[in-house]
Every structure is written in structure tokens, then in C-alpha cells.
Amino acid sequence: MKPLGPIPAGFAVSDGELVIAGCKASALVAQAGQTPQFVYDGALVAQRIAQVRTAMPPGLGLHYAIKANPFAPLLAMMAPLVDGFDIASAGELTLAQVAGMAAARISFAGPGKRDAELASAIAAGATLNLESVREAERALHVANRLGVTPRLAIRVNPDFALGGSGMKMGGGAKPFGLDAQEVPALARRLVAAGCDWRGLHVYAGSQSLDAAAIGAAQAATIALAGRIGEQAGVPIPACNLGGGFGIPYFAADRPLDLGAVGAALGEALERRPTELAKTAFSIELGRYLVGEAGVYLTRIIERKESRGAVFLITDGGLHHQLAASGNFGTVIRRNYPVAIATRMDWPVTEEASIVGCLCTPLDVLAERGGFPRADEGDLVAVFCAGAYGASASPMAFLGHGPAQELLIAPER
Ligand SMILES: *Cc1c(COP(=O)(O)O)cnc(C)c1O
């Protein structure tokens, strides 16, 4: 048997059934009228935001990177709870604005911004995190054409990466950001051009569970920002330190020690270089805020045995939950937390693989896990489905259609 990932806290069981935000899985599916379905527990998201606020140093800005989950009702719920949304396309700009986020609190990173995207962001008053000198020139040109003072920051490709992280997005040669040594000259150029200069953005990696590694990356980022400020001879009004806070997906994963991250950051900020005395610092989190609050529910269509192995074939699959299948940025396939949602407290009696309905051997939701005996009609829950699920999966692949999404908003 292969181990299953740890089921996140915050879910209950009643009459043998998984309960999400007070609702039984079967009731949620009945209400939706179909499977598969993503269900997001808004109260868990709000609770996670509150935990981060408590653990981090006072005054630190908390942004949500909406690519983790851009479901419109979720964004509308989160907009008043965080200090900003970080976006990576004009489409996400629209989503952020529709959710009610003020443009001054939106920052736009990402390589390959089209002129039309630069124009929409500048016209709206969002901050552009410039990814190259060339992009800076295009942004100034577009702003000039529009007659608008652009809000501009520089994304720095640091000379280090986030340790223990799933996806390294800084250090070495990268399509993201300006190599650190190019930044001071561009900062001077932007200030001289009369833009609304917003400072620096550094993003060193994603999905790290190692508090010491995150602390080291944040301290290195603060030092780097100080050096850039000194070399450029311009103030650094704001500095987005990135994030990379991970969540436990797999059996060996241990949750991030949020308190340790906050304490280390507090110390690093206290010791920050004098160039940064007035800098407003922020972090940007995606999956850490929403990942564990989402569950993907799918129904078993058929129980099948092949040469002694049991396959529970569901009506869902990698077209909705690519990450659980192991095909989104993982090297070795391991099992997410997965359970039979309609037999939650039943004893484990067999080894089974839970697969999707796509005609490809990649479509595995749980490989040779230990489960209670499940049959046609039972519901399967894939946990940690709140980030990089619906929007990060190849929905059109094989033509089964999209999954429904439901936010259960917190009681007010
Ligand atoms: C993807 C991304 C994030 C969010 O990453 P998570 O792992 O979901 O926290 C934040 N910032 C930038 C620049 C990103 O590209």
C-alpha cells in the first residue's frame, strides 16, 4: 500500500460522512445536482488569514496571489480580508476589480505582458511589477500615450532561491524579474521618468514547508533590497518579500511552523538596513491561504478488478485536479489526502487505486491506497483542492466538461 497524504484540519464526520462547513458531502452533491464539484470552506480561509496576521510582524502587508484560486465568489469574500491581490494577467486584473479590490492594492507580475495588458493595468492604476528593462520601456511608452503616471515596481531575480521549495522561481537564469545587478540603474531611470515609483518585488519560490529556509530567503531579500536602495540612491517605498509558504500534501510532509516564520521575519525587519527604514513590507501567499480549505468531490462510477488490483473509477479526474494526479510540478508521484467521503469512519479493508474517467494512464487520483470497501455511488474526497485545482487543470481535455465550484461563505 502507498500512504495517503494528511487530511487537513477543519473537516468533520457525521454518520460516516465527510462534513464540509457544516454540510454533509452527499447533501452538497445533491444541492449541486451533479458531481464532480469543488467545495471551498470560506470560514477556513478567513481563519487561515487571521492566523497569518497573528503570526506575522505588525504592519506587514498580506497579499493574495489569485492564481492559486481565482473563483469569483472566493475573491469577493477575500478582498476585504487581505491588503492586496497579486495578479498575473489582464484577465486576473478584471477578476480582482470585479471582486472589489481597489486598483491601488493590485500588483501585476508575470513575464510577457502584452502592451494591451500594460495599458489596462496603467489605466486602472494597478502597480506593475516590471520583469525586464524592455518591459519597463514599453510601460513608460504606454503610460505616456495614455497620459497617466504609471505605478511601477521592479521584480528582482535574486541571486538565491527558496530552499526546500517545490518550484524555484529565483536564482540563476530565469525569465522572471531583472537580474539583481541591473536593478539600481532601472530604478534610477524610472524615478527620473517621473513614474509613481513603488519599489521592489522578489519572489524566490513556492511550496516550502521549511520555516528556516523561508526565514533565510526573507532575510536575504531584505538585505538585497537594502543593497539595491543604497546602490540606486533612490528610496524603496515598498518591498514585496514574496511568499512560498507551503501546505502538507503528502504523508511525509509536516506543516509549516508559521510562528517561527513570523518571529524570524520580525527580527530581520528590526535589523533592516537604514535605507529601508520607511519601506512598507508585504508578503504574497497563494496556496497557503486557500489550498487546505477546498475539497474536490467525485462519484465512483464503477468498481473494477484487474488482475487482482481494485480500481475505483470516478466521474472526476486530472481534467479538474491535475495536481492530485501528480502532473503539476511534481517529480515523483505521491498520493494527496484522499478519502471515501461516504465511508469516513469505516475501517480500512483493502488496497485500491482511485482513478479518473479520462482515457490516459496519467489519470490517477490515489494510487494503491488503503481504503474501506467502496462501491458504485460512493463519493470520493480529494483534499488540498482549494489551490491550483479547477483553474490549473486541463478542463477541456477529453471533453467531460468543467466541475462545479461552490463557496460556503462564513457566517457573519
Ligand atoms: C505563483 C505565485 C505566487 C503564489 O504561489 P503559492 O505557492 O500559491 O503561494 C505568488 N507570487 C508569485 C509571483 C507567483 O508567481
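For clarity, every value in this text was computed on a predicted model and none was experimentally measured. (Residues numbered from 1 in each chain as written. Predicted model: local features only at pLDDT ≥ 70, side-chain atom pairs only at ≥ 80, totals over all residues. Heavy atoms only, no water.)

## Notes on helix α9 (residues 258-270)
Here's step 1: In this model α9 runs 18 Å from its N-terminal to its C-terminal C-alpha over 13 residues, within 8% of the 18 Å that 1.5 Å per residue would give.
Here's step 2: Listed as buried for α9 are Leu258, Val261, Gly262, Leu265, Gly266, Ala268 and Leu269. The buried residues of α9 all sit within an arc of 165° when viewed along its axis, so they share a single face.
Here's step 3: If you follow the buried residues of α9, they end up packed against α2 (42-55), α8 (211-232), β15 (280-285) and α10 (287-290). (Helix = DSSP H or I, 4+ residues; strand = E, 2+ residues; numbered from the N terminus. Expected span 1.5 Å × (residues − 1). Buried < 20%, exposed > 50% of the residue type's maximum accessible area, 1.4 Å probe, protein only. Arc of directions from axis to C-beta. Contact = heavy atoms within 4.5 Å.)

## Some points on the sheet that holds strand β2 (residues 17-20)
Here's step 1: With respect to topology, 3 strands assemble into an open sheet ordered β1-β2-β3, the strand pairing being antiparallel. Each end of this open sheet is capped by a strand with a single partner; those strands are β1 (12-14) and β3 (23-24). (Pairing = 2+ DSSP bridges.)

## Quick look at the side chain of Gln207
Here's step 1: Secondary-structure assignment places Gln207 in strand β13 (residues 205-208).
Here's step 2: The exposure class assigned to Gln207 is buried, which follows from its relative accessible area of 15%.

## Observations concerning the site of the ligand
Here's step 1: The full set close to the ligand counts 10 residues, and Lys67, Tyr203, Ser206, Arg287 and Tyr388 are the nearest of them.
Here's step 2: Contact distances for the ligand include 3.0 Å between an oxygen atom and a side-chain N or O atom of Tyr203.
Here's step 3: Taking Arg287, its main chain carries an N or O atom lying 2.8 Å from an oxygen atom of the ligand.
Here's step 4: For the ligand, the protein covers 92% of the area, taking 390 Å² as the surface of the free molecule.
Here's step 5: Broken down by class, the residue content of the shell around the ligand amounts to 4 nonpolar, 3 polar and 3 charged. (Near = heavy atom within 4 Å. Polar contact = N/O pair within 3.5 Å; in protein donor to acceptor, adjacent residues only side chain to side chain. Areas by Shrake-Rupley, 256 points an atom, 1.4 Å probe, with all protein chains shown as cover. Nonpolar A, V, L, I, M, F, W, Y, C, P; charged D, E, K, R; others polar.)

## Things to note about the domain arrangement of the protein chain
Here's step 1: Considered domain by domain, the protein chain is made up of domain 1 (12-41 + 291-408) and domain 2 (70-285).
Here's step 2: Around 1,200 Å² of area is buried between domain 1 and domain 2 when both sides are counted, 74% of it from carbon and sulfur atoms.
Here's step 3: There are 0 salt bridges connecting domain 1 and domain 2.
Here's step 4: For the pair domain 1 and domain 2, the interface holds 0 residue pairs in polar contact (both at pLDDT 80 or more).
Here's step 5: A per-element tally of the side of domain 1 that touches domain 2 places strand β22 (residues 404-408) first, with 3 residues.
Here's step 6: Here the side of domain 1 that touches domain 2 is built from residues that sort into 7 nonpolar, 5 polar and 3 charged. (Domains from an automatic or database assignment. Buried area = accessible area lost by both parts, 1.4 Å probe. Salt bridge = Lys/Arg side-chain N within 4 Å of Asp/Glu carboxyl O.)

## Examining the nonpolar core
Side chains of nonpolar character tend, in soluble globular proteins, to be buried together.
Here's step 1: Ranked by size, the top nonpolar core spans 125 residues in total, and within it Tyr64, Phe85 and Leu297 carry the most contacts.
Here's step 2: Top element by residues in this core is α8. It accounts for 8 residues.
Here's step 3: For this core, the domains that each give at least three residues are domain 1 (12-41 + 291-408) and domain 2 (70-285).
Here's step 4: Sequence-distant contacts of Phe85, defined by excluding residues within four places in its chain, comprise Tyr64, Ile66, Leu75, Met78, Ala79, Ala96, Ala99, Met101, Arg105, Ile106 and Ser107. (Core = buried A, V, L, I, M, F, W, Y, C linked by side-chain atoms within 4.5 Å.)

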